[in-house]
Amino acid sequence: MSSLSESTEATLVPPEDTANPVTGIDQAVGDFTYDVKYNFDAGTGLNAATVDYISAAKKEAEWIREFRHKALKTFESMPLPTHWATKDLENIDFQKIRYYLAQGQKPKRSWEDVPDDIKKTFERLGIPEQERKFLAGVEAQFDSEAAYSNIKEAVQKQGVIFMNSTQALREHPEIFRKWFGKVIPVSDNKFSALNSAVFSGGSFIYVPPGIKVTHPLQAYFRINAENFGQFERTLIIVDEGSEVTYMEGCTAPKFTTSTLHSAVVELVALKGAKIQYITVQNWAPNVFNLVTKRGLAMENAEIKWIDCNIGSRLTMKYPGVVLKGEGARGEVISIALANDGQHQDTGAKMVHAANNTTSTVISKSISVGEGRATYRGVVHIPKHLKGCKNNTECDALLINTTSRTDTYPAITVKGGDNYTQHEASVTKVSEEQIFYMQQRGLTEAEAMSLAVNGFVNDLVRQFPMEYSVELKRLIDLEMEGSVG
Amino acid sequence: MNDVRITQETLPDHLAKAGVIFDSIESAVLRHPALIQAHFMAQDSALGSEKLTSLHRALTTGGAFIYVPKGVEVNLPLVVYHWASGGRAAVFPHTLVVAEDNAKVTVVEFRQSASDTDTTFSAGVNDLYAGPGAQVTYISGQRWSRSSLGFQGNETVVQRDGRVLSLGLQLGGRQVRTESHSRLQGPGSFSKMLSLAIAHGDQEFDQRTLQSHQSAHTGSDLLYKNALFDQGRTIFSGLIVVDPGAQKTDAYQSNRNLLCSPDAESNSLPGLEIEANDVRCTHGTTNGKIDDEQMFYLAARGISRPVAEELLVFGFFEEVLEKLEDEHLRGVLRELIQSKFQK
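Residues numbered from 1 in each chain as written. Chains lettered and ligands numbered in written order. Predicted model: local features only at pLDDT ≥ 70, side-chain atom pairs only at ≥ 80, totals over all residues. Heavy atoms only, no water.

S.K.: What's the story with the overall build of chain B in this structure? I'm lost.
M.R.: What chain B contains, in helices and strands, is seven helices and 18 strands. On C-alpha atoms alone, chain B measures out to a radius of gyration of 20 Å, which is about the 20 Å that the 2.2 N^0.38 rule sets for 343 residues. The principal-axis extent of the C-alpha atoms belonging to chain B is close to 60 × 55 × 40 Å. For chain B, with 343 residues in total, the buried portion stands at 61%. (Helix = DSSP H or I, 4+ residues; strand = E, 2+ residues; numbered from the N terminus. Rg over C-alpha atoms; globule rule 2.2 N^0.38 Å. Buried < 20%, exposed > 50% of the residue type's maximum accessible area, 1.4 Å probe, protein only.)

So, in structure tokens, the structure goes:
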């Protein structure tokens, strides 16, 4: 471990010049790394001292330190999910991971102040450019802490709080503490416990009653270091009748060793509020992406997860909505693309806890080469609820003979006044379609790309325009060389 | 009286001459050891109840052995009845059906407690083997007493161009678990897996199914329908597995639950594991209640609620029943279903 006051100079590897697409959707664009010297380093491995180091570096209140230690004990006592999950989880060596790397805890308000080495990373990923174009606020996290954070003045004047969670815990403990760990308890699963012990960074958003944030707020997560674990903690609270759209993007360079990303994201939509949470996950193919995401929707509130998983070695992520108030709505839209060496284990959880709540899950996955896509879903409608409805659709597309897909839904309904419907299909691109397009002069690969884009088109259109254009381009890229 | 063959009608002469065997398991072990050895519990069951199937293997008593040689068609159904009598009786019946190349047979089996006050424990297994081009129809109905515990394993193997249709009717028992595993081992093989269950009171039906597509050009079609009343509970956990290389698989899996009471509970876990790309695999599950408008329509015609419910359940079940070709058999099953509503 380095001492807390130590400071060293950064050494830079000059980047090659590349075009900037929208935030890190293109894998190749994220695959670069700069040699950064960190002022704060909790060392390799995990024990009580690691937790103390992180807590001291952040100058945290005592209750947070206690919370972390308790969570560490929970993490140590919980087994890895074994009987249902992939054995690949056993390849994670928790003692070979670096849990906290930062240059400092206070993010800069303007891009000029961001240290050069970090700024170059984000410039190369196109973040400042996007901020100017269409965002209401940006938070850019580099390894453990946010390097840059800014919110447009007009939005701030409305009373909207948007900052990283390290800062929020210090400045707004009264709002933070009220909901922190309430949607996802520490012991929810082994990885939520791990996150609770070593969390750092992530976003905190509070939207006061009656405010509609017209432009999206965006967070960008970047892993730069090797053998690193990123554990951001995001908490979004949207007060009565308010609306917000939040987008997150993630990239990391490709290392030969494995990297761990284990976030906890909690959303709270109070009466009549609307939250739209958009993720474009494009981690490098050595990243274990084990994320717990859940929202709490009160009366007539709406939570919509739009989740797109393209990168990572193994993703296990099942965004959920607890429909706690009457008339609440939950929606998960999921796109997963699994290429060689990738396992996208994604899905959704819909827990109905009040009358007349409705939920929708639409999942589309594409398995290419030896890729494996898995859908897991839970729909729970307990006793004595009335007028609850769920509709689930999962479609899987298999491109090559070695591709694999699995679907494991679990639906529990009690009582006679609720409706659920689940449908899943597994298909390949029909030969007739390919033949038809080839007749009109497209190559087989072009035809395949077009067919795959058609398969996800209705979901891709739900992304903001800037994203949907890039998503289409990326699918073309991923499909290259998959046929013929 | 348990475990004893009470009576058996002899097979018509022409069938016996053609080599058809219809015998008790005990007697067949002595008379046809080679056939029994080749097919008796030849499949590993792996749907969770290994302990119960091991117990069954150790204690098998009672049951039937049916063998249809190459090219022989048995046109009338063969019927097997099992009764368990006395309180706390444990029975381990086994039914083994072997249909050789291009043979055809229909087997109907009924299991019940001799009296409604007896508590029965039953751990039964049946093996269905359809050789190349063979056609096997297997219908079973259980009406154990309402305090009984039942387990039934159903192991099906279908060879090239073979076809198996199995239908299970679940009426009795307090807790009944069924495990059905179809293995499609040759091109052109097809398995239709059907089930109907009515849960009243605190009955629980736990249904596990597996459709294993082990060869290319195979098909399977599963439809499990459950009607739930009172505090009835059903669990459907099914899986379609398509092995690498099992191209052109066409598999379907459907679980439909009709919840007729606010206290009923249905659990549905339909799964897919696909390792071949040129396949068509779909599954669907729905949970719903009786349509208010349909109920109103019947009520407006002076039909009482219980009768209307019964009618609507019949309508719900008809989709499964109509898949049976034999009208007489459909009638027998309808009567059995009706008997459940009369209690």
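S.K.: Explanation requested: the packing of helix H2 (residues 48-57) of chain A against helix H3 (residues 62-77) of chain A in the structure shown.
M.R.: Helix-helix packing is described using two parameters, namely the angle between the two axes and the distance between the axes. All names here are of chain A. The interhelical angle for the contact between H2 and H3, taken along N-to-C directions, is 155°, at an axis separation of 10 Å. Classified by the angle their axes make, H2 and H3 are roughly antiparallel. Note that H2 runs across H3; the crossing there is right-handed. Where H2 abuts H3, its residues Ala48, Val51, Asp52, Ile54 and Ser55 lie against Arg65, Arg68, His69 and Leu72. (Axes fitted to C-alpha atoms, helices over the stretch in contact; angles between N-to-C directions. Parallel < 35°, antiparallel > 145°, perpendicular 65-115°, else oblique. Left-handed = near helix turned anticlockwise from the far one by under 90°. Contact = heavy atoms within 4.5 Å.)

S.K.: Please clarify how the confidence of the model for chain B should be interpreted in this entry.
M.R.: It should be kept in mind that the predicted coordinates are not to be read in detail where pLDDT is low. Residues and elements named next belong to chain B. Mean pLDDT over chain B: 91, with 98% of residues reaching 70 or higher. Per-element averaging of pLDDT across chain B places strand S3 (residues 78-84) at the bottom with 88 and strand S12 (residues 190-199) at the top with 97. Taken together, the chains of this predicted complex give a pTM of 0.84 and an interface ipTM of 0.78. (pLDDT = per-residue confidence, 0-100.)

S.K.: Whenever I open this one, the nonpolar core confuses me. Can you help?
M.R.: For soluble globular proteins, the rule of thumb is that nonpolar side chains tend to be buried together. Residues and elements named next belong to chain A. Residues Phe122, Ile236, Tyr246, Ile366, Ile399 and Phe463 are the most contacted members of the largest nonpolar core, which totals 106 residues. The dominant element in this core, judged by the number of residues it contributes, is helix H11 (residues 444-460), at eight residues. Of all hydrophobic cores here, the second largest spans 53 residues; its members include Ile64, Ala85, Phe231 and Tyr318. (Core = buried A, V, L, I, M, F, W, Y, C linked by side-chain atoms within 4.5 Å.)

S.K.: Just to check I follow, could you spell out the interface of chain B and chain A for this structure?
M.R.: Accessible area lost upon the coming together of the parts is a frequently used measure of interface size. Chain B puts 32 residues into the contact, and the matching count from chain A is 33 residues. A buried area of about 2600 Å², summed over both sides, lies between chain B and chain A, and 48% of it is on carbon and sulfur atoms. Together, Asn277(B), Asn287(B) and Lys289(B) form the three largest contributors to the area buried by chain B at its contact with chain A, with a combined 22%. Seen at the junction of chain B and chain A, the total is five salt bridges. The salt bridge partner of Glu273(B) is Arg404(A), with a shortest N-O separation of 3.8 Å. Linking chain B with chain A are 13 residue pairs in polar contact (both at pLDDT 80 or more), by the criterion used here. Of all the secondary structure elements, the ones that give two or more residues to the side of chain B that touches chain A are strand S17 (265-274) and strand S18 (280-288) of chain B. With ten residues, S17(B) is the single largest residue contributor to the side of chain B that touches chain A. (Buried area = accessible area lost by both parts, 1.4 Å probe. Salt bridge = Lys/Arg side-chain N within 4 Å of Asp/Glu carboxyl O. Polar contact = N/O pair within 3.5 Å; in protein donor to acceptor, adjacent residues only side chain to side chain.)

S.K.: I keep staring at the pattern of salt bridges and nothing clicks. Help me out?
M.R.: Pairs may arise between side chains of opposite charge once their charged atoms sit close together. By the definition in use, this model includes 43 salt bridges over all chains. For Glu248(A), the salt bridge identified is with Lys293(A), shortest N-O distance 2.6 Å. Placement of Glu248(A) in strand S10 (residues 243-251) and of Lys293(A) in strand S14 (residues 287-297) is noted, with a sequence separation of 45 residues between them. For the pair Glu248(A) and Lys293(A), one class covers both residues: buried. One salt bridge connects Arg160(B) with Asp161(B), and the closest N-O pair in it is separated by 3.7 Å. Asp161(B) sits in the partly exposed class, given a relative accessible area of 43%.

S.K.: How should the pairing of strand S23 (residues 404-414) of chain A be read in this particular structure?
M.R.: Two faces, one strand: in a regular strand the side chains alternate between the faces of the sheet. Counting buried positions along S23(A) gives eight out of eleven residues, so the element sits mostly inside the fold. The sheet contact formed by strand S21 (residues 372-381) of chain A and S23(A) spans ten bridges and is parallel. Directly across from Val378(A), in S23(A), lies its bridge partner Ala410(A). Taken together, the seven bridges between S23(A) and S17(B) define a ladder with antiparallel strand orientation. Across the sheet, residue Asp406(A) finds its bridge partner in S17(B), namely Glu273(B). (Pairing = 2+ DSSP bridges.)

S.K.: Sorry if this is basic, but what is going on with the side chain of Asn255(B) here?
M.R.: Residue and element names in this part refer to chain B. Within the fold, asparagine 255 resides in strand S16 (residues 250-259). You can call asparagine 255 buried: its relative accessible area is 0%. Engagement of the side chain of asparagine 255 in a polar contact is seen with the backbone oxygen of tyrosine 224, the distance being 3.3 Å.

S.K.: Which parts of the structure should I look at to understand a nonpolar patch on the surface?
M.R.: Residue and element names in this part refer to chain B. A contiguous nonpolar patch, built from Val79, Tyr81 and Trp83 and spanning about 320 Å² of accessible area, is present on the exposed surface. If you trace the backbone, tryptophan 83 turns up in strand S3. Judged by relative accessible area, which is 47%, tryptophan 83 ranks as partly exposed. (Patch = residues over 30% accessible without salt bridge, like charges linked within 9 Å, V, L, I, M, F, W, Y side chains within 5 Å. Areas by Shrake-Rupley, 256 points an atom, 1.4 Å probe, with all protein chains shown as cover.)

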